[in-house]
Amino acid sequence: TPWLGCPNLTDLTSSSPSILSAVMRMTLRPVLLALPILQALGDCSDESCAVKDRSLLQKHAMAGMSKADDLSEIERPPRIFQHFIPEPSEPSETIVGTDPGVCEKDIFARKDLCPQQCPFAAEMESRFCHFRCVSKMQCGDPSTGTLRNASIPDEKMHLCRHCQVEACQTCKADPPGASGAALERCVKCFPGYTLTAVGECEMKGEGFFVAIGVVGAIAVVVAAAWYLSVVFKPRVNQEGISEGLEGQNRAMLTMPTQPGEEARPYPLSTNLLTTNVAGTGTMLFFRFQFALLVWAISLLALWFGFVFLVSKDLLILGNREAKSPQVLCAVVNWGRERQLELLWTKVAWLAIAYVFSVLGAAIYAILSAKLMVDTDSESSSMADFTAKLEGLPSFHGAENVEEMLKEKVREATGSSVVGVSVCWDYSAVKGRVHAALDKELELFAEETPNVAPNTAPGDGDGLNDKITRSILDAWHVHLQEGHHHAPTDEATKQMLLDMKSTSMAFVIFDSENAKSAAVDAVKRSGGILVGRENCTLRPVVAEPTEILWENMAIGKGQRAANLFQGTLLVSGACLLWTLLLYLPYAFYMASFTYANGD
């Protein structure tokens, strides 16, 4: 908004041929092109337009121009080490003026308080941000040309203010010069409040809030009692707890050990930027976090360097509070001057930040790619022996697809193939497949003693047992015998026979050299003919544990449709955010006015 009060800013394009002016002209050119449009929003043919017809933005655009309007203020070279040079005085809410000659004078954005002879600042009715120092009896006096409804002299704020009663919708003040308890009183309160006999607003329905507090306190006590009862409940499933703890230990990241040594976790002092504890992805993640911190701290240090070398005002521009309209106008006027004077620091910081960000991102990308290559060359994984065969026709589960593809690849490449893993489309029966896998894994699990029926969790009739049963049922966990939902062997076999393959399979070779030779051979020959389809063979970059096997059936068309659907959902969410939150807020801020002392 301060730019709207600088109509001569467009003359920057014809400033002096100094280096600073040239840089500022190139940087501010897009802003200068938009200034005539923005300034037109605040046009007013008469400088004494009624206050009620002008918003804060419009009134500030037509306010009196200070010295910062002159082009020389912008062309002035930056004052490095400005903390050794006296800076412009700032608005103050404590310094009282001593010149009685300012009484009855119309002053724009006065920086200090009025003198004792006329200690109250009254805003002019027809000139925004112009104040006149008046006496107590002159607050709201029409003959002074100040706001008529600002008739209450405030000793603390040193100004004439309008009527203010908490939660009051319509407030009425006594005529100028009045005093006493009835100096300001409410005529109509906001909904939810009751007008008292002394003209104040009192909230009604306090009992409702007290009841809410009592109910909340009771709920907290009941929840605490239930938690304590669960904590001190007898342990009935020690075998399950031991198995869970054992699984937790197996899942814990441990340091490499020799055969026979006990596994130990990594110490807290482990440098995750350079130590591979859980794969290259973990190292890249923590390197990204470190790079982000370095980037933010560097730019912050650069800004504080400008603050130290140029001016501390860079930290408070736009953040200074004002308790009265007089100080608010003074702060806005002072901030506008300082903003123009310190504009070169923001331009310089943005230029340095842009160059630093681009170069830093490029260096970070190169180092990340180098880390991937170095890590892959230092260790071998399943992906190093695997190639991806794409473009396959669809097969049924009754066909021996794996052996057929294994022979096709061996004949086309001459490399030794260990096996082929076909990607099957089981997205529609994913739950049945997982249940069959769980049943298969149970064959390799150690047998554990059965829990007695009367000690199984959720078997009782108490409140805790009912809650336990509801939670277990929601997760489809049944601890009692006879509640196994795994499919039978015949059902599993029929499900596999009815399943169809996708267009992709993974071929495993006996060595990395064999895989590379096979990929090169297929590339030279133009592909592998499987049925009527010409298939390609490419190296893989993902490990088996990183793949969502149930989604392998998603083709390019469906992937594009999903991307389009996601784009529509995000765009719709942004549109709702704009319509329901941003536009109402923008409308409120655009229509708000400080007219009539509001």
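A short tour of the structure in this document, coming up.

What follows covers the packing of aromatic side chains. Throughout the structure, instances matching the rule amount to 6 aromatic pairs. When the centroid spacing of 5.3 Å and the interplanar angle of 80° are considered together, the rings of phenylalanine 285 and phenylalanine 286 count as edge-to-face. Residue classification places phenylalanine 285 among the partly exposed positions, given a relative accessible area of 46%. The exposure class assigned to phenylalanine 286 is partly exposed, which follows from its relative accessible area of 31%.

Within the fold, tryptophan 226 resides in helix 4 (residues 206-231). Separated by 238 residues in the primary sequence, tryptophan 226 and asparagine 464 have C-alpha atoms spaced 8.2 Å apart. Residues contacting tryptophan 226, with those up to four places away along its chain left out, are Asn464 and Ile467.

This part is about the side chain of threonine 280. Here threonine 280 is to be found in helix 6 (residues 280-309). In this structure threonine 280 comes out as buried when scored by relative accessible area, which is 16%. Discounting chain neighbours no more than four positions away, the residues touching threonine 280 are Leu371, Met372 and Thr375.

This paragraph deals with the pairing of strand 12 (residues 500-509). Regular strands place side chains that alternate from one sheet face to the opposite one. Buried residues dominate strand 12, accounting for 7 of its 10 residues. In this structure, strand 10 (residues 386-390) lies alongside strand 12, joined through 5 bridges in antiparallel fashion. Its bridge partner being in strand 12, glutamate 390 is matched across the sheet by methionine 504. Direction of pairing for strand 11 (residues 417-425) relative to strand 12: antiparallel, over a ladder of 7 bridges. The residue bridging valine 422 from the neighbouring strand is alanine 505, located in strand 12.

In spatial order, the strands read 11-12-10-14-13; together these 5 strands make up an open sheet with antiparallel pairing. Whereas interior strands pair on both sides, the edge strands pair on one side only; in this sheet they are strand 11 and strand 13 (528-530). Within the sheet, the average angular offset between the axes of one strand and its neighbour, ignoring direction, is 30°. For strand 10 and strand 14 (residues 533-539), the ladder comprises 4 bridges, and the chain directions are antiparallel. Following the sheet pairing, lysine 388 is matched in strand 14 by arginine 538. The sheet strands contacting helix 9 (residues 401-413) are strand 10, strand 11, strand 12 and strand 13, and the helix crosses strand 11 at an angle near 130°.

Looking now at the packing of helix 6 against helix 8 (residues 343-378). At a closest axis distance of 10 Å, the pairing of helix 6 and helix 8 adopts a crossing angle of 160°. When the axis of helix 6 is compared with that of helix 8, the two are roughly antiparallel. In the packing of helix 6 onto helix 8, the handedness of the crossing is right-handed. Across the contact of helix 6 with helix 8, the residue classes break down as 19 nonpolar, 6 polar and 2 charged.

Rules of the game
Residues numbered from 1 in each chain as written. Predicted model: local features only at pLDDT ≥ 70, side-chain atom pairs only at ≥ 80, totals over all residues. Heavy atoms only, no water. Phe/Tyr/Trp six-rings, centres within 6.5 Å; stacked < 30°, edge-to-face > 60°. Buried < 20%, exposed > 50% of the residue type's maximum accessible area, 1.4 Å probe, protein only. Helix = DSSP H or I, 4+ residues; strand = E, 2+ residues; numbered from the N terminus. Contact = heavy atoms within 4.5 Å. Pairing = 2+ DSSP bridges. Axes fitted to C-alpha atoms, helices over the stretch in contact; angles between N-to-C directions. Parallel < 35°, antiparallel > 145°, perpendicular 65-115°, else oblique. Left-handed = near helix turned anticlockwise from the far one by under 90°. Nonpolar A, V, L, I, M, F, W, Y, C, P; charged D, E, K, R; others polar.

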